[in-house]
Amino acid sequence: MKKIYKDKILNISWTDVFDQTFFFELLIPDYQNSGVEVVYIRDLLESYKNEEILKKVSQKPAMYSEVYSPKDELVIFTELFENALKNNKKIHIVGVTLWEEIKMLEAYYESLGFLREDINAFDVDFSVPLVTVSCHIENLIWKGSDYKSQGEKIFFTPPIRESGQNKALFKGITRWVIAGIEISPDSRGSGLAERFFTECITSEKILALNLAKVLRYNLEEVGIWGELREMRVEY
């Protein structure tokens, strides 16, 4: 069994060197006692809820994405982003789903000197930026084409977006722009998170060191603390 740290992978003493198990530490955030203001996009989206479209989703589930539209989400994110920079206020935004949000962060992090051209990614000290973000695990697991088979089972807020937006979130993780992944108690308790991360590791959608960072270490740099729990992923 191998433990994944921030910048290294070490075999755990007295375990089989050839055992195909990664041991991660998952941070369960205690936002109230952390050193940064945390804002959930889902809370702010409620005032933008489109009731007329909601009436139609039983026949056309994919329309659910427009109940809380990408346009409205971007308005919310842009306002939070610009106000943080204007007021020199550190915030952590939970629930990004859009490539436009990732692009905004990339431009900001590049202006702070965090872009490394040699690896075509960002090497961010997350204690520095005024704006950092997490995405929900559901927005990584599912994409717009899944509404047809899953229906109301994936009626989350913020909504599951189309596949291009889903890919943008993975890109935000692999380029080290997204600081964390918000994992719901249901996803942890059901084993869904472990199964999903196993698929990510085996398909190399997310590398083990990157996963360790978004599960714990980046968030601690941001100033977010909480309970550490064990997460094991087969590969």
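Located above this text is the structure these notes cover.
Within every chain, residues take consecutive numbers counted from 1 along the sequence as written. At least 70 in pLDDT is required for a residue's local features to be given in this predicted model, at least 80 for side-chain atom pairs to be given and counted, and no such filter applies to totals for whole chains, interfaces and linings, which use all residues. To get the side-chain values, take all heavy atoms of the structure and skip hydrogens and water.

1. Topic: the environment of Lys6
In step 1: The way it works is that DSSP assigns letters per residue, a run of H or I at least four long becomes a helix, a run of E at least two long becomes a strand, and they are numbered from the N terminus. The topology assignment puts Lys6 in the loop between strand 1 (2–4) and strand 2 (9–11).
In step 2: C-alpha separation for the pair Lys6 and Phe22, spaced 16 residues apart in sequence, amounts to 13 Å.
In step 3: Two residues form a contact once any of their heavy atoms are found within 4.5 Å. Residues in contact with Lys6, not counting those within four places in the same chain, are Leu209, Lys213, Tyr217 and Glu221.
In step 4: Each polar contact in these results corresponds to two N or O atoms within 3.5 Å; when the atoms are within protein, one needs to be able to donate a hydrogen and the other to accept it, and residues that are neighboring in sequence are counted only if both atoms are side-chain atoms. Among the polar contacts listed, one links the side chain of Lys6 to the side chain of Glu221, at a separation of 2.4 Å.

2. So, the pattern of salt bridges
In step 1: Here a salt bridge means any side-chain nitrogen of Lys or Arg lying within 4 Å of a carboxyl oxygen belonging to Asp or Glu. Inspection of the entire model under this criterion finds 12 salt bridges.
In step 2: Put simply, Glu25 and Arg216 hold a salt bridge, and the shortest N to O gap is 2.2 Å. Linking Glu25 in strand 3 (residues 21–29) with Arg216 in helix 10 (residues 208–222), this pair joins segments that are 191 residues apart in sequence.
In step 3: Since its relative accessible area comes to 15%, Arg216 is described here as buried.
In step 4: With a shortest N-O distance of 3.2 Å, Lys55 and Glu52 are connected by a salt bridge.
In step 5: Accessibility here uses a 1.4 Å probe with only protein chains present; expressed as a share of the type maximum, an area under 20% marks a residue as buried, one over 50% as exposed, and anything in between as partly exposed. When its relative accessible area of 58% is taken as the criterion, Lys55 is described as exposed.
In step 6: The class of Glu52 is partly exposed, set by a relative accessible area of 49%.

3. Concerning the nonpolar core
In step 1: Within the largest apolar cluster, 69 residues are counted, with the highest numbers of intra-cluster contacts made by Phe24, Tyr109, Val131, Ile181, Ile183, Phe197 and Met231.
In step 2: No other element matches the eight residues that helix 10 contributes to this core.
In step 3: Ignoring anything within four residues of it in the chain, the contact list for Ile181 reads Ser134, Cys135, His136, Ile137, Leu140, Ile173, Phe197 and Val214. Only buried Ala, Val, Leu, Ile, Met, Phe, Trp, Tyr and Cys residues count toward a nonpolar core, and they belong to the same one when joined by side-chain atoms within 4.5 Å.

4. Overview of the pairing of strand 5 (residues 91–94)
In step 1: Side chains Ile91 and Ile93 project from strand 5 onto one buried face, and the interleaved His92 and Val94 project onto a second face that is buried too.
In step 2: Any two strands are treated as partners once DSSP identifies two or more bridges connecting them. Looking at chain direction, strand 4 (residues 37–40) and strand 5 are connected through four bridges and run parallel. Opposite Glu37, over in strand 5, you have Ile91 as the bridge partner.
In step 3: Of the pairings in the sheet, the one linking strand 5 to strand 8 (residues 131–136) comprises four bridges and is parallel in character. Among the inter-strand pairings, Ile93 is bridged to a residue of strand 8, identified as Val133.

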